[in-house]
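# Observations on chain architecture
Single-letter residue listing:
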Amino acid sequence: MWSTLNINMKNLTVSRVPFPDKYREMGGRGLIAQYMMDHVPPTCDPLGEENKLLICTTVFAGTNLTTAHRISIGGKSPLTGGIKESNAGGYAANLLAGQGIRMAVVEGLPDTDGLWLVHVNAKGEVALEDATAYEGTNNYEFVDKMHEKYGKNIATISIGSAGERIHRIASIQISEFGEGYPSRAAARGGMGSVMGSKRLKAIVIEKPETRFEPEYADRETFKAVCTELNKVIATGAKADPFRNIGTIATIEATGLSGVLPVENFSGKLFPEYTEVGANKFLTNLASRGGRNKQICQPGCVVKCSNVYNDKEGNYLTSGFEYETIALFGPNCRISDLDVIARMDRICDDCGIDTIEVANAIAISMEMGKIPWGDGEAAIGLLQEIKDGTEFGQLLGNGCEVVGNALGCKRIPVVKHQGMAGYDPRNTKGTGITYATSPQGADHTAGLTLGRAMADTGRAAQGYASNKLQVAMAFADSMMCIFAFANCVPSMPLLADLMAGLYGGKPDITRVTGMGVKTLLTEKAYNKMAGMTEADDKIPEFFKTEASPATGSVFDVGDAELACILNF
Amino acid sequence: MITSYEVFVPALMGSGSSLRTGLKVRELGCNKVLVVYDKGLKDVGISDKIVENLNAARIETICFDGVLPDPPDIMIEGAAELAREGNIDGIVAVGGGSAIDTAKGINVLIHNQPPIAQYFGIRNDLKPGVPMVFLPTTSGTGSEVTNMCVITHMATGAKNSVTSRVCIGSIAILDPDLTLGLPSQITAATGFDAFCHAAEALTSGHENPLSDALARDAIRTISDYLPIAVTDGCNSIAREKMIIASMLAGMAFTNALVHLGHAFGHTIGARFHISHGIACAVALPQIIEFASVTESHKVRMIGECMDVEIAKDATPEEIGNLTSHAILKLKKDINMPTMKDLDFTLEDLLKIAPLVSQDLSFALSPRRMTTSQVAEILQVAYDANG
Amino acid sequence: MIIIDGKSYPYQPDTTVLEAVSQLGIQSDNMVLVVIDGRVMPWNQLDQELIQDGVEIRLLHIVSGG
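Residues numbered from 1 in each chain as written. Chains lettered and ligands numbered in written order. Predicted model: local features only at pLDDT ≥ 70, side-chain atom pairs only at ≥ 80, totals over all residues. Heavy atoms only, no water.

Moving on to helix H19 (residues 492-502) of chain A. All names here are of chain A. Of all eleven residues making up H19, nine are buried, and the element is well covered by its neighbours. Burial in H19 covers these residues: Leu493, Leu494, Ala495, Leu497, Met498, Ala499, Gly500, Leu501 and Tyr502. Buried residues along H19 sit against strand S6 (101-107), helix H6 (219-238), helix H17 (461-475), helix H18 (481-485) and helix H20 (508-528). Looking one or two places after H19, you find Gly503, whose phi comes out positive at around 85°. (Buried < 20%, exposed > 50% of the residue type's maximum accessible area, 1.4 Å probe, protein only. Helix = DSSP H or I, 4+ residues; strand = E, 2+ residues; numbered from the N terminus. Contact = heavy atoms within 4.5 Å.)

In structure tokens:
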């Protein structure tokens, strides 16, 4: 029987209780949505007593479905003021499942000063331990210390100094399978600050002596379908640029079309994008002993991760992704991949969302605080976050805060959350997703690039956004969306898996219904939290400033946006 | 907004223009053409006249008279085999949308391997075919000027389309004389199909100034002349106006696309086995009213082209309401079958609501519609008994 | 011989990469990356490069984003 790990930071207790039957067929984003609706008042202070930090795995936790051990972290976001689900790869979900833990709920605020961590040992015993020795320790050093203390067969879920300082864009870092680098980020929406507000430094999970096995309604059917689906995904992944290169390959599609953000979303082209593109990346990997085609969790057949070394061949960063490269790179007019890799490392280390802070740096450049393209100056700003300077504090609270402080009129946020590496004028469906997703400006909620008709046109973009938002909502409850993208031709098999694991009929509406229900629950939660249609808007400058690359403006009207998530 | 107008087919128009078919085919450099038509056209002698005209211009002809309505893919594949064996270097289609779409399908398979079903969708990668000349005898599908052909995939029973440069004709010959004998009911149904093309092209959210201009003219013309063509089929002026209006509507929609009217129309037509024009007509008034929320300025154009007086400060809802009533009136004026005539029960109609969203045209709606809104629209359409 | 997506094709001198890829019916598509001997080449440069005997070309399809 699955357990919930209840971590009560007011009482300073941790205990395992049975995982509620009502959430039996839920996981990931869907579980977070329902749990939040049931247990967390929408009007609560995100950094207060009543907010909870939820950590869970997918509906297929404990099985052999590839990428089933994706970790979802949720709660009320101090950044957006609404519901947040932020997911990541890494090893932690696999070990939580191995320990029989389907979900961890962190609640309450401690009455006393202190810092704690939760430790789950190889026998499955759980303890809340004093972590004051690690106060101010950033993630890389923290993980090293955990390896010294508990060995390498562990996974960590931790915050760095940014989370401890309760920065609204603080991430929660998850250690990768293998070397254990804390480079997988549950980055969006400031969940690290919620964890920090509860004075929880980390959850450290040891590999269990005996791995928990879920109960199957029909084990044989599940196994057979799972084998088939894993094969389908592996076959698709063979031709997937994410496997063959890495997510950086996306820049080869966005760099020429005006979708790649350049110079704080000016809409211009940046011919130097090739300096931070796939070929440069592959050359640097090959010549420095770096690696791509890496897994971040056991059993992944997509293998999109990487290890990126510096000029001397020493480890610099891992999980080096398109969003970070696009937004620290061309969006800041920086064309040095090594500088960007250093920035990625700093962000993972102090635990901060690269998308948010990169947008903040671009705004800082636009307002003349540092020059465009000055990588060292940008690194200097990140150092200010680490050092906790006055400007560092601003940066740590997101690009909207920085933009307002510097008097910038061009702040690319929706629901206060910074946009990802896709200019909404040149991929309008993605812009529609940014505007209407309950998660804020979240590209993973429904990236429509290449899906509908012309990306710069209006035709079918609303349709594509709607369909993708539903798909991503259930995919984020089941597996990594990169694996999901490769299983779309065999999607009915997901219904077979649900039936094999949970019983009942193999009905695809059980799967798609998960997506619709999740979206509607999130929308309802946000409404109760005080959000209105006014929050479903793209910033004005995207509507008035034509992208010089294409001449396009974001011209999807409010009336059209208002019905995107009608079902 | 940046828009584009890309699909353009040269046209020859006017009474007697079909007598230049042979000359035009010659000009295109063809020596041996496949002539595509249905048995009905043979029976009324129209196809023989075209074949004679071609032969007189010293163009060799192979005839395919097996065109079926809602062209089945296997029929097209058989005809394409005939075309390849005959080493033809041109195709002439004479007839309604089915004949023209058959010709287009054959053209897809001249240099691309069958089956044709593998090419459904928007295809920029097909090898070019041979020149095609289209002579519509209905007014109409507008297929003579579009870049798509609608085919029935017999294995699944579903209709789908191939949209490609290979489906674009080299010239359209619009001779109203070929439409003089068209029966009243078919005149009404095909004429209303053209109206739907124009109305949907205007409100698609994907429109452009050229399509808008073409669609407006089509709507004005159809409003004025379709009722006459229906009641007086021998009226050559009405027939001339209608064949041009149908072409204009086709030119408009092939660039600006259709949306909900055709999503409903395809679904209703497939489920109840009624003709395309009648099926698209079922819910059009209500759909235009729905679209008015986001496209009121375009819905106003539809209304004003139908001589509806719309106040300058009318709200989108008022504009939608007035225009939808005008469309309802047009349907009555051309004796379009009512719900009662079509023998639908409300229950039957509502059952198709979830299927409407499966049609590709649904994706192009300017304003997202939920399945329950589809059902509401069907209910309102049923109650209006239009 | 040249290899495209694991399949062998005869090598024809004076053939551009674009011609080699187009013979498979594939046209310029932003969502398809053409990788020649491990190097990504933009579509607008494919007609400027002649294929060499033994070249390996892969066509990678972007299906997701992140």
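There is more to say, and it comes next.
Another aspect to go through is the interface of chain B and chain A. The interface of chain B with chain A comprises 17 residues on the first partner and 16 residues on the second. Run the count over chain B and chain A and you get one salt bridge. In this structure, Arg458 of chain A and Glu295 of chain B form a salt bridge, with 3.0 Å as the shortest nitrogen-oxygen distance. There are five residue pairs in polar contact (both at pLDDT 80 or more) connecting chain B and chain A. The element that contributes the greatest number of residues to the side of chain B that touches chain A is helix H11 (residues 284-305) of chain B, accounting for three residues. Among the residues making up the side of chain B that touches chain A, the classes are represented as nine nonpolar, five polar and three charged. (Salt bridge = Lys/Arg side-chain N within 4 Å of Asp/Glu carboxyl O. Polar contact = N/O pair within 3.5 Å; in protein donor to acceptor, adjacent residues only side chain to side chain. Nonpolar A, V, L, I, M, F, W, Y, C, P; charged D, E, K, R; others polar.)

Contacts between the two partners involve 17 residues from chain C, matched on the other side by 29 residues from chain A. Across the contact surface, chain C and chain A share zero salt bridges. Here chain C is connected to chain A by four residue pairs in polar contact (both at pLDDT 80 or more). Breaking the side of chain C that touches chain A down by element, the ones donating at least two residues are strand S3 (32-36), strand S4 (39-41) and strand S5 (56-61) of chain C. Looking at the side of chain C that touches chain A element by element, the count peaks at four residues for S5 of chain C. Classifying every residue of the side of chain C that touches chain A by side-chain character gives nine nonpolar, six polar and two charged.

With that settled, consider the pairing of strand S8 (residues 158-164) of chain B. All names here are of chain B. In terms of strand pairing, strand S5 (residues 121-123) meets S8 through three bridges, oriented parallel. Residue pairing in the sheet places Arg123 in a bridge with Ser164 of S8. Alignment of strand S7 (residues 148-153) against S8, held across six bridges, turns out to be antiparallel. What sits directly across from Val150, in S8, is Ser161. (Pairing = 2+ DSSP bridges.)

With that settled, the discussion passes to unusual backbone geometry. Backbone torsion omega between Pro114 of chain B and Pro115 of chain B reads 0°, so that peptide bond is classified as cis. Inspection of the secondary structure puts Pro115 of chain B in the loop between helix H5 (97-111) and S5. For Thr67 of chain A, which is not glycine, the phi torsion reads 65° and is therefore positive. For Thr67 of chain A, the position within the fold is in the loop between strand S3 (52-56) and strand S4 (71-76). Overall, the relative accessible area of 2% leaves Thr67 of chain A in the buried class.

Residue and element names in this part refer to chain A. Taken across its six residues, strand S1 (residues 3-8) has five buried, putting it largely inside the fold. Strand direction decides the pairing type here: S1 and strand S2 (residues 13-18), joined by six bridges, are antiparallel. Paired with Leu5 across the strands is Arg16, a residue of S2. If you look at the hairpin formed by S1 and S2, you'll find four residues sitting between the two strands, and Leu12 has a positive phi there, around 55°. The pairing of S1 with S6 spans six bridges and is parallel. Residue pairing across strands places Asn8 opposite Glu107, the latter belonging to S6.

Residues and elements named next belong to chain C. Mapping Ile26 onto the fold places it in the loop between helix H1 (17-22) and S3. The exposure class of Ile26 is partly exposed, given its relative accessible area of 23%. In sequence terms Ile26 and Trp43 are 17 residues apart; their C-alpha atoms lie 11 Å from each other. Residue contacts for Ile26: discarding those within four places in its chain leaves Val21, Trp43 and Leu59.

It is worth spelling out the nonpolar core at this point. Judged by nonpolar contacts, the single largest core of 125 residues is most densely connected at Phe60, Ile245, Met478 and Leu494 of chain A. In contact with Phe60 of chain A, not counting residues within four places along its chain, are Leu65, Ala68, Phe222, Met478, Leu494, Leu497, Met498 and Leu501 of chain A. Listed in part, the 77 residues of the second largest apolar core include Ala218, Phe253, Cys280 and Ile327 of chain B. (Core = buried A, V, L, I, M, F, W, Y, C linked by side-chain atoms within 4.5 Å.)

Residues and elements named next belong to chain A. Under the criterion given, the structure shown has 19 aromatic pairs over all chains. Judged by centre distance (5.6 Å) and plane angle (45°), the rings of Tyr23 and Tyr35 are tilted. Remark: Tyr35 occurs in helix H1 (residues 28-39) and Tyr23 occurs in the loop between S2 and H1; sequence separation between them is twelve residues. Residue classification places Tyr35 among the buried residues on the basis of a relative accessible area of 10%. (Phe/Tyr/Trp six-rings, centres within 6.5 Å; stacked < 30°, edge-to-face > 60°.)

Let's shift gears to the side chain of Thr152 of chain B. Residue and element names in this part refer to chain B. Relative to the assigned elements, Thr152 resides in strand S7. Its relative accessible area of 9% is what places Thr152 among the buried residues. Aside from chain neighbours lying at most four places away, what touches Thr152 is Asp70, Pro71, Pro72, Asp73, Gly157, Ala158 and Lys159.

What follows deals with a negative patch on the surface. Taken together, the side chains of Glu289, Asp313, Glu317 and Glu318 of chain B make up a negatively charged region of the molecular surface. Look at Asp313 of chain B and you get exposed, because its relative accessible area is 66%. (Patch = residues over 30% accessible without salt bridge, like charges linked within 9 Å, V, L, I, M, F, W, Y side chains within 5 Å. Areas by Shrake-Rupley, 256 points an atom, 1.4 Å probe, with all protein chains shown as cover. Lys, Arg positive; Asp, Glu negative; His and termini not counted. Charge placed at Lys NZ, Arg CZ, Asp CG, Glu CD.)

Relative to the helices and strands, Leu260 of chain A resides in the loop between helix H8 (250-254) and helix H9 (278-288). Along the primary structure Leu260 of chain A and Ala326 of chain A are separated by 66 residues, whereas in three dimensions their C-alpha atoms are 6.8 Å apart.

For the rest of this paragraph, the subject is the layout of surface pockets. Residue and element names in this part refer to chain A. Approximately 350 Å³ is the volume found for the second largest pocket. Residue lining of the second largest pocket: 17 residues in total, with Met1, Trp2, Arg24, Glu215 and Tyr502 positioned closest to the centre. Class assignment for the residues of the lining of the second largest pocket results in twelve nonpolar, no polar and five charged. (1 Å grid on protein atoms, 1.4 Å probe; cavity = no way out; pocket = protein on both sides within 12 Å on 5 of 7 lines; lining within 4 Å. Points joined across faces, edges and corners; volume = space filled by probe spheres on them.)

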